[in-house]
Amino acid sequence: MLQTKRKIAYLMHVDWKWIKQRPHFLYEKLTLYYNVDLFYIQKIYSRVSNKVNKTPNVASYSRIHSLKKLPFSGRFRKFQLVEKLINRKLIVSLEEYDYIWITSPIILDFVPLHRLQGKIVIYDCMDDFLGFFSGFDGIRRLKQLEVGLMKRADVVFTSSSYLREKMKSIYRFELKDPPNLVNNGISSTLFERGGNGNFGNIGVLKTGGFLNIMYMGTVGEWIDFDIIINILREKPNVKFTIIGPIDTKVPRHSRINYVGPVEHNQLPDYALLADALIMPFRLNELVRSVDPVKIYEYIFFQKPVFAINYKEMHKFLPFVTLYSNKEELLQLVEDLQDGKAEVHSKAEIITFLKQNTWDVRCKQIVSILEGDST
């Protein structure tokens, strides 16, 4: 047990009003054990609004600050200098914290490493950072940021086994200690919000005469729209509902409904309208490192779950059905249409998910930070 609550400056590269991801959940849970203040990057200008309003679900008082991000500051040194001046007061305030929690090397564009002297620095590596920037002209500079963070970090967490092994291999000379695996999880508030409901269906729930296959999450370049369009072409009685912020160019189709981002506590309401839930990702190096938060939530909704097949997904079996190509996915849709898709009991699902909550993950983190091997 912690005798006195230490202070954490939680530096998050994701906007607080973005759809809830690993950084949001862990920030909230850490307030059970520490005095945590949130510092998140907020773009001063963005052409697209993909935000949702939400109030932090914290266990103790927490101050929330925004680090202002100027357009093009990553490209032009003058803009970056102005950005640092705008954020200077917040950066100086980091001196009062015991732990500095960093969710991405991008944070080092705002907080130089020399400002963290004497602090315990924690890097929560939630994704293959450089995988988002393949082909980007400035990737060498970004690599330098991650190298610097790996050298400085006292503790490194990774969200997936694949990512842990990759970081161990790439940064074997920079790491002080091997990364600690802390998978993603599911929010216990989802249990409270929908725990008494029965989301599942035996057979098919048709919405307006269509099978409704639903995706929940960020819509980025990793979405395999080719495989979605193929299903729509082959199955005129199928439609797709896509819920989440759009961060890439998307095809327009009469049977693809783009809902946009919704508050996290509204997901159970949308899940009721789904016949199946899908994670239609293109399998690449970035995706292989992903432990998808959405899969934990999909399983809770007690619907057939279809996902691209890669090693990190195997821990979700038998609660998900994996496919490797468009033919296999088409067969899964045909099984869904014929009422053959497998649905597990609520009791089985809850037993699995209770071992994979954000509460469980946070206890694991605290045990590592405090050196409690028990």
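Our structure's up above, just so we're on the same page.
Note that the coordinates shown come from a computational prediction; the quantities given were computed from them, not determined experimentally.

The relative placement of two packed helices is expressed as an angle between their axes plus a distance between the axes. Orientation of helix H10 (residues 293-300) relative to helix H12 (residues 346-353), taken along the N-to-C sense of each, is 150 degrees, at an axis distance of 9 Å. As judged from the angle between their axes, H10 and H12 are roughly antiparallel. On the side of H10, the interface is formed by Tyr 296, Ile 299 and Phe 300, while H12 contributes Lys 346, Ile 349, Ile 350, Phe 352 and Leu 353. Considering only residue class, the contact of H10 with H12 consists of seven nonpolar, no polar and one charged.

Counted according to the given criterion, the structure contains 20 salt bridges. Across the pair Glu 334 and Lys 235 runs a salt bridge, and its minimum N-O distance is 3.3 Å. Here the residue Glu 334 occupies a position in helix H11 (residues 326-337), and Lys 235 occupies one in the loop between helix H7 (225-234) and strand S10 (238-243), the gap between them amounting to 99 residues. Of the residues examined, Lys 235 reaches a relative accessible area of 14% and is grouped as buried. Taken together, the salt bridges that share partners define one network made up of Lys 7, Asp 37, Arg 63 and Glu 96.

Strand order in the open sheet made by the seven strands is S3-S2-S1-S4-S5-S6-S7, with parallel pairing throughout. Edge positions in the sheet fall to strand S3 (64-69) and strand S7 (180-181), since each of these pairs with one other strand and no more. As judged from the four bridges shared by strand S4 (residues 99-102) and strand S5 (residues 120-125), these two strands associate in the parallel manner. Bridged to Ile 102 within S5 is Tyr 123.

This part is about H10. For H10, a buried count of eight out of eight residues is recorded, marking the element as mostly surrounded by other parts of the structure. Here H10 has its buried residues at Val 293, Lys 294, Ile 295, Tyr 296, Glu 297, Tyr 298, Ile 299 and Phe 300. Residue Gln 302 follows H10 closely and has a positive phi angle near 55 degrees.

For the rest of this paragraph, the subject is a nonpolar patch on the surface. A surface patch of nonpolar side chains, about 260 Å² in accessible area, is lined by Ile 44, Val 82 and Ile 86. The topology assignment puts Ile 86 in helix H2 (residues 77-86).

What follows concerns unusual backbone geometry. Most peptide bonds take the trans form, and the phi angle of most residues other than glycine is negative. Of note, the bond from Leu 317 into Pro 318 is cis; its omega dihedral lies within 30 degrees of zero at 5 degrees. Summarising the element assignment, Pro 318 is placed in the loop between strand S13 (305-308) and strand S14 (321-323). The backbone phi angle of Gln 302 is positive, close to 55 degrees, even though this residue is not glycine.

Analysis parameters
- Residues numbered from 1 in each chain as written.
- Predicted model: local features only at pLDDT ≥ 70, side-chain atom pairs only at ≥ 80, totals over all residues.
- Heavy atoms only, no water.
- Axes fitted to C-alpha atoms, helices over the stretch in contact; angles between N-to-C directions.
- Helix = DSSP H or I, 4+ residues; strand = E, 2+ residues; numbered from the N terminus.
- Parallel < 35°, antiparallel > 145°, perpendicular 65-115°, else oblique.
- Contact = heavy atoms within 4.5 Å.
- Nonpolar A, V, L, I, M, F, W, Y, C, P; charged D, E, K, R; others polar.
- Salt bridge = Lys/Arg side-chain N within 4 Å of Asp/Glu carboxyl O.
- Buried < 20%, exposed > 50% of the residue type's maximum accessible area, 1.4 Å probe, protein only.
- Pairing = 2+ DSSP bridges.
- Patch = residues over 30% accessible without salt bridge, like charges linked within 9 Å, V, L, I, M, F, W, Y side chains within 5 Å.
- Areas by Shrake-Rupley, 256 points an atom, 1.4 Å probe, with all protein chains shown as cover.

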